[in-house]
Amino acid sequence: MTLIRERRQQRALRLSVPEPVAPLRHYTYSSSSSSLSSSSSPSSSGSMNSPVIENLSDLEKLAVLGHGNGGTVYKVRHKLTMEVYALKIIRFGEDAGCAAKVQQQATHEGEILKLVDSRFVVRCYGVLDSALDDGGDMYFVMEYMGGGSLQDVLRTRRRLPETTISRVARSVLEGLRYLHGMQIVHRDIKPSNLLINGRGEVKIADFGVSRVVADTMEECDSCVGTCAYMSPERVDPERWDGDYSDGFAGDVWSLGVVVLECHVGRFPLIPPGQKADWATLVFAICLGEKMAMPESASPEFHDFVCRCLEKDWRKRGTVEELLHHPFVTRCSSGRLVVDNAF
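Residues numbered from 1 in each chain as written. Predicted model: local features only at pLDDT ≥ 70, side-chain atom pairs only at ≥ 80, totals over all residues. Heavy atoms only, no water.

The name an unreviewed UniProt entry assigns to the chain is mitogen-activated protein kinase kinase, from the organism Escallonia rubra. Word for word, the UniProt comment on the chain under Sequence similarities (unreviewed entry) is "Belongs to the protein kinase superfamily. STE Ser/Thr protein kinase family. MAP kinase kinase subfamily." (UniProt positions renumbered as here; feature names shortened; annotations may be inferred.)

Put into C-alpha cells, the structure is as follows:
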C-alpha cells in the first residue's frame, strides 16, 4: 500500500507540441524479445490498406484531443491519404530517473499494442520514435475515436439508460475476453479509457499499465492503475489473497464500478459529496458494505453488478459468465452502443 501511495504522488507530464527534429523510425516487435527492432513493414495491427507512416512529416496536426499520464494525444491527418488518426506522444523529459520510468512504461505499452488486433480494442497503426536512445520521444499512431470517451459522455449525460449500459458492458466484456485470451490484464478499466468511435462503438484503450501474464498463477503487481477503480485484492492483497490472483478478476471489478457509475451518474463507491481521498477509497473498496442499488435498477442490472463487485475475487463473476448474463444478452446487438445524441 505504501508503494501505491508513492505512485499516486507522481506528477503527470503535460506536454507541449513537439516538432520532429530527426527522421523517425517505424518499429515492429520481435516475438522472441521484448526489445524494439527497426522495420519497414506496416504494423501487424493495421489494415492492409493503411500506409506505412515512417515520419511525422507524413502527418498534419489538426487539434489537441487531450492530455493523459505522461502524454498528449493529437488529432492528425495523413497528407497523402487524408486518413485521420490519433497521435499519442510520450515525452521522456530531462529528469533521468523520471524519464527512465516513462520510457519503460511507453515501451511496454507499445509491446502490448503490437500484440492486439480486435474490433473491441483501439487499433495501433504504428510506433515511431525520434532518437529514443538519446532521450527522444515516442509516438503511437492510433485509430481515431471521434466520439471521445465514456467519461465525456457521462459528463454530458450524467446517467445512461440500461439498454445503453448493457451494450457498453458487452463491448468491454468482449474486449476483455480477447485480451485475457492473449494473457493480457488491462488493470486500468475506467470511463476515460473506454473510447467511442463515429459509429458509436466502445473500445478499450490505454495499455500503459497493462501486463502480459506469462503463467496463469503469476501474480500481477498491485501498485498500478487508477486507485478508485482497483479491486480489493489489488488495494489490499494481504487481506484478500491478492498475491494468488492472476489479475483477470480485477478487470471485472473495474467494469462493475464503471457500469454502476453509468447508472447513478457519479463515482458510486462513496456517498455524494464525500472527498475521495486514499483512506476513504481503501475503506469503501476493501471494507465497505455491498452497494445499495438504485431503486430504478432492474433485477438483471442488480445481479450483474453484484457479480462484478464481489469482494472475494475467487467468487467474482468471470468474463465468460458475464457475457452470458441476462443483463448483457437482452441486447441483441453489441455493435451500436451510443446514439447520435452523444
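Next up on the list: the UniProt feature "binding site: ATP" (unreviewed entry) in the chain. The UniProt entry lists Lys88 under the feature "binding site: ATP" (unreviewed entry), expressed in the numbering used here. Here Lys88 is to be found in strand S5 (residues 84-90). A residue is classified by how much of its surface remains accessible, and Lys88, at 15% relative accessible area, is buried. Ignoring any residue separated from it by four or fewer positions in sequence, one finds Lys88 in contact with Thr72, Val73, Glu109, Met138, Tyr139, Phe140 and Asp206. (Helix = DSSP H or I, 4+ residues; strand = E, 2+ residues; numbered from the N terminus. Buried < 20%, exposed > 50% of the residue type's maximum accessible area, 1.4 Å probe, protein only. Contact = heavy atoms within 4.5 Å.)

Here we come to the nonpolar core. Leu150, Val172, Leu173, Val259, Phe267, Phe301 and Phe304 are the most contacted members of the largest nonpolar core, which totals 55 residues. Here this core takes 9 residues from helix H6 (residues 248-264), the largest share from any one element. Sequence-distant contacts of Val172, defined by excluding residues within four places in its chain, comprise Ile189, Leu194, Val202, Ile204 and Leu255. (Core = buried A, V, L, I, M, F, W, Y, C linked by side-chain atoms within 4.5 Å.)

Attention shifts here to the side chain of Asn197. Summarising the element assignment, Asn197 is placed in the loop between strand S9 (194-196) and strand S10 (202-204). Of note is the side chain of Asn197, whose polar atom sits 2.6 Å from the side chain of Glu201. (Polar contact = N/O pair within 3.5 Å; in protein donor to acceptor, adjacent residues only side chain to side chain.)

What follows deals with the packing of aromatic side chains. Counting across every chain of the model gives 4 aromatic pairs. Residues Tyr85 and Tyr125 carry aromatic rings whose centres are separated by 5.2 Å and whose planes lie at 75 degrees to one another, so their mutual orientation is edge-to-face. Of the two residues, Tyr85 is situated in strand S5 and Tyr125 in strand S6 (residues 124-129); the sequence distance between them amounts to 40 residues. By relative accessible area, Tyr85 is classed as buried at 4%. Their ring planes at 80 degrees and their centres at 5.5 Å tell us that Phe301 and Phe327 sit as a pair that is edge-to-face. One end of the pair, Phe301, is in helix H8 (residues 299-308); the other, Phe327, is in helix H10 (residues 326-329), with 26 residues separating them in the sequence. Phe327 matches Phe301 in its accessibility class, with the two residues each being buried. Grouping aromatic residues by their ring pairs yields a cluster made of Phe301, Phe304 and Phe327. The ring of Phe140 has Lys88 sitting right over it, with the charged end atom 6.0 Å from the ring centre. (Phe/Tyr/Trp six-rings, centres within 6.5 Å; stacked < 30°, edge-to-face > 60°. Lys NZ or Arg CZ within 6 Å of the ring centre and 35° of its normal.)

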